[in-house]
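# What the coordinates show
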Amino acid sequence: MVEGKKSEHTENLGSHGGRASSWLAVTVMLAGFTVAGFGLVATSWTLIWIGVGVFVVGGILALVFDIFTDVVIDAPRVGMRAEDHR
């Protein structure tokens, strides 16, 4: 392979990293989950509902940012048959 040029195989691999906006939505949901979990341990209904609210806000952000479009499907692998996967 010539340096600086991508081969056809590596060009189709793509990236599974996602966009920054998608990571923001996931981080907000994770923060809400953590706060609600701490509220469960501390038996604080206030913390539980705050965490649930933050989680819902993260879910709304995920819908607005359309995070499911970040999925990258790799190109089919050459030389693999259906029988090889059994």
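Summary of the structure given here. (Residues numbered from 1 in each chain as written. Predicted model: local features only at pLDDT ≥ 70, side-chain atom pairs only at ≥ 80, totals over all residues. Heavy atoms only, no water.)

## What about helix α2 (residues 20-41)?
- Look at α2: 31 Å from first C-alpha to last across 22 residues, which is about the 32 Å you get at 1.5 Å a residue.
- For α2, the complete set of buried residues consists of Ser 22, Ala 25, Val 28, Met 29, Gly 32, Ala 36 and Gly 39. The arc that holds every buried residue of α2, seen down its axis, measures 130 degrees, which confines them to one face. With respect to the buried face of α2, the exposed residues turned more than 90 degrees away are Ala 20, Trp 23, Leu 30, Phe 38 and Val 41.
- Positive phi shows up at Thr 43, right after α2, with a value of about 50 degrees. (Helix = DSSP H or I, 4+ residues; strand = E, 2+ residues; numbered from the N terminus. Expected span 1.5 Å × (residues − 1). Buried < 20%, exposed > 50% of the residue type's maximum accessible area, 1.4 Å probe, protein only. Arc of directions from axis to C-beta.)

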